[in-house]
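One-letter residues, chain by chain:
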Amino acid sequence: METDFRLESSLWVGNKRYRALLTGWHFQWTEVDKKNRDKKTISVPVSEVVGVDEGQVEILPQKSTEDTDKDFTVFYVKRSSSGGLHGLLWRLGRIQFSCPSRVLRDQWTQHLRTALKTHSPVRPHRLLVFINPFGGKKKGRQIYHSLVAPLFELAGISSHVIVTERANHARDHLLKKDLTGFDGVVCVGGDGMFSEILHGLIGRTQQEAGLCENDPSVTLQPCPLHIGIIPAGSTDCVCYATVGVIDPVTSALHIIIGDSQPLDVCSVHHTAALVRYSVSLLGYGFYGDVLAESEKHRWMGPLRYDYAGTMVYLSNRSYAGIVQYLPADPLLSSPRDKTRCLSGCSVCSKSTGRLFPHPSDSGSLYSSHFSQFSNDSEEGEWVSVEGRFRCVSLTCMSSSCPKSPLGLSPSAHLADGTGDLILVWDTHPLGFLKFLYRHTSTQDQFDLPFVEVHRVKAVRFSLPAGKEEEAFEETGGLDEEERRHVETISRNGSQQQLTERSMGQEIANEQKSATPFLCGLCCSKAPAASVWNCDGEILPFTNIISRIHGQLVRLYARGIEDGATMHSCSEENCERA
Ligand SMILES: Nc1ncnc2c1ncn2[C@@H]1O[C@H](COP(=O)(O)OP(=O)(O)OP(=O)(O)O)[C@@H](O)[C@H]1O
Ligand SMILES: CCCCCCCCCCCCC/C=C/[C@@H](O)[C@H](CO)NC(=O)CCCCC
Ligand SMILES: [Ca+2]
């Protein structure tokens, strides 16, 4: 929608003359030389203008304004390359214009502000911010107050900040407290904090909609509040996979301009109860074992994953299991189509209409009856495979992270309503090493004879008949408290679905005594069952049902911007010569 805005003037920046132009969706300024020839143009979409202020404004070391009556300052998003395979870093650009008169200055500031309101209707005004003071290098508070808060202030965003006092503080707040007036929730921390916000917001939304999260066949209500992630954890996979870089300023700017990235979420159920939600990794076998082993070595910090990965690799395990999956429509996309879900992804955009059809649209992919327990519906046929697996992984997104820049499934989509199921059948140790190693490069990890990948809508996993009890005995079984928990979640609604303690830690401790590592190398008996790693938390159940809920939440992000394909981007920013 082109609007009537058009303002063009000759302005000064320092001692250089510029032609400034505000048209439709863009604000641009072109340096003009003495012979009136155009030199360099910088063009900024109005949606990426952070703010406009009268006078000459500085924000560092703190905000100060020299109130000259013919000047105005524009703050905008300026891009620079992250230098890696991934997205672009965003920085705050600033330009100070001098006008020939105060009247013209006021005309510019008013037009720019009106354009901002018209073109950026989804910008947040009020945010609820949770800071985990113990996440990552324990710099959450410092990161927020020194890098993020000044930007929010500049953009006129008011925020209510809560420094968490315990695990699940943020989740519980979102489940129970008044959230009126907030446009979004921001977490300052890592994947664990994001997961708390995810559980709190999804739970709250379903409570208010009167929906039961325990039933995998229920179509859940998408969350109305956006989630912003300011990365300050030791693992920030969700941020990396949705923004492309792990950088607090970039994330803050995405929040400020109200970017909106829908995200698929996988619900994980055991019998008739919701266990957890996952976005990045639901993994059994290798990834479960790595998490369980790493929990015993938390003192090592992020290095614990490398240590645990090595130990688990050396233990050379595979696990028996039955995997059933409901394939997604192969005509829409494929996990091996070598595409990447980037900012503005057309596969995801097309999915929106399919996932949220007009009520009269009866050909909906997700009707309110998600008939996953039958084979005879429009949902398609379940496929069942049984055997021994090195790992079984389900991811709703690529799950790219610094360790694996293209991720677990490089062609997975953030918001297409499907997940990628990766089955790695038992193989010799070198084969499995090859599979793992390929995650660190651009080599295709699926191009191996013992690897399968399927784009799916739902997955069920169970141990082969007669194996389950044996497995629980070996992993220590469910203790009394866990049994009570299962009973509680079977009986009650959405609020009770989460454990009140760090189940992961306890299960890991149980495993510590029950599971000898390196047993594949030196011992006779390997455990019959692994554990599930659900976005970095260990699940207390082996037999699970999971379902992908398309675009259940929205993040303040826009997917990964590919510097190489962005036509208006150069190394320094979006300047066009
Ligand atoms: N005040 C707090 N005290 C203790 N734990 C907290 C607190 N606030 C949040 N947590 C918990 O800390 C866990 C880890 O936090 P976060 O994800 O921010 O950091 P991280 O360093 O990336 O995590 P990890 O230690 O798992 O690598 C989260 O699961 C969260 O529930
Ligand atoms: C020979 C070289 C081998 C290198 C292998 C690299 C494989 C990397 C794949 C990385 C996949 C990350 C998926 C995301 C998981 C997060 O939700 C979760 C919470 O932060 N992290 C872990 O569970 C942490 C557990 C990470 C397991 C590796
Ligand atoms: Ca997806």
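Note that the structure is a prediction, hence the values are computed from the model and not measured. (Residues numbered from 1 in each chain as written. Chains lettered and ligands numbered in written order. Predicted model: local features only at pLDDT ≥ 70, side-chain atom pairs only at ≥ 80, totals over all residues. Heavy atoms only, no water.)

**Side note on the overall build of the protein chain**
Helix and strand counts for the protein chain come out as 14 helices and 24 strands. When contacts within the protein chain are restricted to residue pairs at least 6 apart in sequence, those whose partners lie at least 24 apart make up 74%. Total accessible area computed for the protein chain in this model is approximately 24200 Å², and 53% of it derives from carbon and sulfur atoms. (Helix = DSSP H or I, 4+ residues; strand = E, 2+ residues; numbered from the N terminus. Contact = heavy atoms within 4.5 Å. Areas by Shrake-Rupley, 256 points an atom, 1.4 Å probe, with all protein chains shown as cover.)

**Regarding the coordination of the calcium ion (ligand 3)**
Under ideal tetrahedral coordination, the four donors around a metal are separated by 109.5 degrees; under ideal octahedral coordination, the six donors are separated by 90 or 180 degrees. Taken together, Asp264 (OD), Cys396 (O), His413 (O), Asp416 (OD) and Thr418 (O) make up the protein donors of the calcium ion (ligand 3), found 2.3 to 2.5 Å from the metal. In terms of primary sequence, the donors binding the calcium ion (ligand 3) are separated according to D-x131-C-x16-H-x2-D-x1-T. With a gap of 132 residues between them, Asp264 in strand 14 (residues 261-270) and Cys396 in the loop between strand 18 (383-395) and strand 19 (419-425) connect regions that are remote in the sequence. Cys396 carries the same exposure label as Asp264, and that label is buried. (Donors = N, O, S within 2.8 Å, 3.2 Å for Na, K, Ca; no water. Buried < 20%, exposed > 50% of the residue type's maximum accessible area, 1.4 Å probe, protein only.)

**Side note on the site of ligand 2**
Around ligand 2 there are 17 residues in total, and Asp191, Thr235, Ser280, Asn533 and Asp535 lie nearest to it. A distance of 3.2 Å separates an oxygen atom of ligand 2 from a polar atom in the side chain of Thr235. Between an oxygen atom of ligand 2 and a side-chain N or O atom of Ser280, the distance comes to 2.6 Å. Here ligand 2, which alone exposes 700 Å², has 85% of that area covered by the protein. Of the residues belonging to the shell around ligand 2, the class tally is eight nonpolar, seven polar and two charged. (Near = heavy atom within 4 Å. Polar contact = N/O pair within 3.5 Å; in protein donor to acceptor, adjacent residues only side chain to side chain. Nonpolar A, V, L, I, M, F, W, Y, C, P; charged D, E, K, R; others polar.)

**Quick notes on the pattern of salt bridges**
Inspection of the entire model under this criterion finds 25 salt bridges. Note that Glu8 and Arg6 form a salt bridge whose closest N and O atoms lie 3.0 Å from each other. Owing to a relative accessible area of 52%, Arg6 belongs among the exposed residues under this scheme. A network of salt bridges, in which partner residues are shared, links Glu48, Arg79, Asp259, Arg558 and Glu561. (Salt bridge = Lys/Arg side-chain N within 4 Å of Asp/Glu carboxyl O.)

**A closer look at the site of ligand 1**
Around ligand 1 sit 21 residues in total, of which Gly136, Thr164, Glu196, Ser234 and Arg298 are the nearest. A distance of 3.3 Å is found between an oxygen atom of ligand 1 and a side-chain nitrogen or oxygen belonging to Arg304. Burial of ligand 1 by the protein chains amounts to 81% of its free accessible area of 630 Å². If you tally residues by element for the shell around ligand 1, the top one is helix 4 (residues 191-209), at four residues. Considered class by class, the residues forming the shell around ligand 1 number four nonpolar, eleven polar and six charged.

**Topic: the domain arrangement of the protein chain**
As far as domains go, the protein chain holds domain 1 (2-121) and domain 2 (185-264 + 317-335 + 348-357 + 373-466 + 541-555). Using C-alpha coordinates to define each centre, domain 1 is positioned 40 Å away from domain 2. Opposite the 13 residues of domain 1 that make contact, domain 2 presents 14 residues. For the pairing of domain 1 and domain 2, the buried interface totals around 1100 Å² over both sides, and the portion due to carbon and sulfur atoms is 73%. Our enumeration of links across domain 1 and domain 2 arrives at one salt bridge. The salt bridge involving Asp247 is made with Arg91; its shortest N-O contact spans 2.8 Å. Inspection of the region where domain 1 meets domain 2 yields three residue pairs in polar contact (both at pLDDT 80 or more). With five residues, strand 9 (residues 88-98) is the largest single contributor of residues to the side of domain 1 that touches domain 2. Here the side of domain 1 that touches domain 2 is built from residues that sort into seven nonpolar, four polar and two charged. (Domains from an automatic or database assignment. Buried area = accessible area lost by both parts, 1.4 Å probe.)

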